[in-house]
Amino acid sequence: MAAETSSTADANHQSLTMAVAALCYEAGYESVEESVMETLMEMLQSYLTETGRSTHAYCELGGRTLPTNLDVMSAIADLGFTPNNLIAYMHRTERINLGQLTKTNETLPAPVLQVGKSINFPNYIPSTFNYPHYPDPHAYIRTMTGQTPENDYVILRERTSSQKRDVERALTRFVAKTGRSLPLLPDDKNAFPLIAAEPSTHPYLSAILPSDLEMQKLMEASEEKDNERSEKDLGDAQSKQKQNKRQRPPNEHSGSNSVEGQTSDSNRVIVSNAVNPHSSVMHNPFLRPVKNPKSKRK
């Protein structure tokens, strides 16, 4: 769109330059400076633009869409030019003919995709009224959203299996094209590509080391055992603390010394640590003892 606008502006600029140069030559000038040429061209462009604007205003004032000769004459009269002298100026003898100007090819807009058959206006609306046409029927009557979903079990299984087969085939071809591959048929290399096996430097490691899935299962099992053990130790410690509180005799004197209270608190902390020695260690993952994964018995 910007390219079309620039080309049109360049064509108008060239036409006005030629017209101003011809007028200057008719007036007796043989050469014109570039700044003077630009000034005269801007004045002529302003005059023509104002004439067109006034003509359009008179046309709309009369309730018309196309201007007439009367609209043009009224616009020229408003600008201070006598319309009667226009015909004599057109038929002057010293007029210079610039020749026929080349017309630029007008770019037509892209055709709009029409879906269905548009509906015409009713009979009581005359054709002289330039109303816009109705849109496509699917835009305001109904729009098909698609087919009804299939509920048959056999058909769904067939579609699922075919989709899975297509995905596997597409992934195989992608891996074969991006990496090393071997053709199954020597004549057609793209028909059935086979992924080339990459030799390993230590092939026996895959049989000795556990797989990622087995390691994940072992880690989950060890975490579950650790959680059960910590919960069991915590429950045993709480039950023993309750038993010690029940077996402890009540204080006969209400005003006991602060030293006795401190010693009892310290003894209580020592007893809790002795009962549950792994309580602080189990909550810290960096202080847990190292455990080797246990292999499952077949």
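If you're wondering where the values come from, they're calculated on a predicted model, not measured in any experiment. (Residues numbered from 1 in each chain as written. Predicted model: local features only at pLDDT ≥ 70, side-chain atom pairs only at ≥ 80, totals over all residues. Heavy atoms only, no water.)

### Let's talk about the overall build of the protein
Now for step 1: Assigned secondary structure in the protein consists of 10 helices and two strands.
Now for step 2: Ordered by position from the N terminus, the helices and strands of the protein form the series α-α-α-α-α-α-β-β-α-α-α-α.
Now for step 3: When burial is assessed residue by residue, the protein has 8% of its 298 residues classed as buried.
Now for step 4: In the protein, the proportion of contacts linking residues at least 24 apart, taken out of those at least 6 apart, comes to 39%.
Now for step 5: When the accessible surface of the protein is summed, it comes to about 27,000 Å², and 56% of that surface belongs to carbon and sulfur atoms. (Helix = DSSP H or I, 4+ residues; strand = E, 2+ residues; numbered from the N terminus. Buried < 20%, exposed > 50% of the residue type's maximum accessible area, 1.4 Å probe, protein only. Contact = heavy atoms within 4.5 Å. Areas by Shrake-Rupley, 256 points an atom, 1.4 Å probe, with all protein chains shown as cover.)

### Looking at a positive patch on the surface
Now for step 1: There is a patch of like positive charges on the surface, built from Arg-165, Arg-169, Arg-173 and Lys-177.
Now for step 2: Within the secondary structure layout, Arg-165 lies in helix 6 (residues 153-178).
Now for step 3: We classify Arg-165 as partly exposed; its relative accessible area is 43%. (Patch = residues over 30% accessible without salt bridge, like charges linked within 9 Å, V, L, I, M, F, W, Y side chains within 5 Å. Salt bridge = Lys/Arg side-chain N within 4 Å of Asp/Glu carboxyl O. Lys, Arg positive; Asp, Glu negative; His and termini not counted. Charge placed at Lys NZ, Arg CZ, Asp CG, Glu CD.)

### A closer look at a nonpolar patch on the surface
Now for step 1: A contiguous nonpolar surface patch, about 440 Å² in accessible area, is contributed by Tyr-29, Val-32, Val-36, Leu-40 and Met-43.
Now for step 2: Accessibility expressed as a relative area gives 53% for Tyr-29, which makes it exposed.

### Considering the nonpolar core
Now for step 1: Residues Leu-16, Val-20, Cys-24, Met-37 and Met-41 constitute the largest nonpolar core, which totals five residues.
Now for step 2: Among the secondary structure elements, those contributing two or more residues to this core are helix 1 (2-26) and helix 2 (34-61).
Now for step 3: If one sorts the elements of this core by residue count, helix 1 sits on top with three residues.
Now for step 4: With sequence-adjacent residues up to four places away left out, Val-20 is seen in contact with Met-37, Leu-40, Met-41 and Leu-44. (Core = buried A, V, L, I, M, F, W, Y, C linked by side-chain atoms within 4.5 Å.)

### Re helix 3 (residues 69-78)
Now for step 1: Within helix 3, burial applies to Asp-71, Ala-75 and Ile-76. The buried residues of helix 3 occupy an angular sector of 130 degrees when the element is viewed end-on, so they sit on one face. Opposite the buried face of helix 3, by more than 90 degrees, sit the exposed residues Asn-69 and Leu-70.
Now for step 2: Where helix 3 is buried, its residues meet helix 2 and helix 4 (85-90).
Now for step 3: Following helix 3 by one or two positions, Gly-80 adopts a phi angle in the positive range, close to 95 degrees. (Arc of directions from axis to C-beta.)

### Quick word on the packing of aromatic side chains
Now for step 1: Scanning the entire structure with this criterion turns up two aromatic pairs.
Now for step 2: A ring pair is formed by Phe-121 and Tyr-134, whose centres lie 5.3 Å apart and whose planes are at 40 degrees; its orientation type is tilted. You can see Phe-121 sitting in the loop between helix 4 and helix 5 (137-140) and its partner Tyr-134 sitting in the loop between helix 4 and helix 5, a full 13 residues away along the chain.
Now for step 3: Through pairs of rings, three or more aromatic residues link up here, namely Phe-121, Tyr-131 and Tyr-134. (Phe/Tyr/Trp six-rings, centres within 6.5 Å; stacked < 30°, edge-to-face > 60°.)

### Here we look at the confidence of the model for the protein
Now for step 1: Averaged over all residues, the pLDDT of the protein is 76; the fraction at 70 or higher stands at 78%.
Now for step 2: Model confidence for the protein, summarised as mean pLDDT per element, is weakest for helix 9 (residues 258-275) at 45 and strongest for helix 2 at 90.
Now for step 3: Predicted confidence is poor over residues 252-282, with pLDDT under 50, and the contacts of this stretch with residues over four places away or in other chains come to 12 contacts. (pLDDT = per-residue confidence, 0-100.)

### A look at a negative patch on the surface
Now for step 1: The grouping of Glu-220, Glu-223, Glu-224, Glu-228 and Glu-231 at the surface amounts to a negative patch.
Now for step 2: Tracing the backbone through its elements, the reader meets Glu-220 in helix 8 (residues 212-247).
Now for step 3: Residue classification places Glu-220 among the partly exposed residues on the basis of a relative accessible area of 42%.

### Some remarks on the pattern of salt bridges
Should the charged atoms of two oppositely charged side chains come close, the side chains can pair.
Now for step 1: Taken as a whole and judged by the stated rule, the model has three salt bridges.
Now for step 2: Its salt-bridge partner being Arg-53, residue Glu-50 comes within 2.4 Å of it at the nearest N-O pair. In this pair, Glu-50 and Arg-53 are both assigned in helix 2, three residues apart and thus about one turn of the helix distant.
Now for step 3: Classification of Glu-50 by relative accessible area gives partly exposed; the value is 29%.

### Quick word on the packing of helix 2 against helix 3
Now for step 1: Across the interface, helix 2 lies against helix 3 with an axial gap of 8 Å and an inter-helix angle of 130 degrees. Accordingly, the angle class assigned to the pair helix 2 and helix 3 is oblique. Both helix 2 and helix 3 take part in a crossing whose hand is right-handed. Across the interface between the two elements, Tyr-47, Thr-51, Ser-54, Thr-55, Tyr-58 and Cys-59 from helix 2 touch Asp-71, Val-72, Ser-74, Ala-75, Ile-76 and Asp-78 from helix 3.
Now for step 2: The residue inventory of the contact of helix 2 with helix 3, partitioned by class, reads six nonpolar, four polar and two charged. (Axes fitted to C-alpha atoms, helices over the stretch in contact; angles between N-to-C directions. Parallel < 35°, antiparallel > 145°, perpendicular 65-115°, else oblique. Left-handed = near helix turned anticlockwise from the far one by under 90°. Nonpolar A, V, L, I, M, F, W, Y, C, P; charged D, E, K, R; others polar.)

### A few points about the environment of Phe-121
Now for step 1: With a relative accessible area of 29%, Phe-121 lands in the partly exposed category.
Now for step 2: When the C-alpha positions of Phe-121 and Tyr-131 are compared, they lie 9.4 Å apart, and in sequence the two are 10 residues distant.

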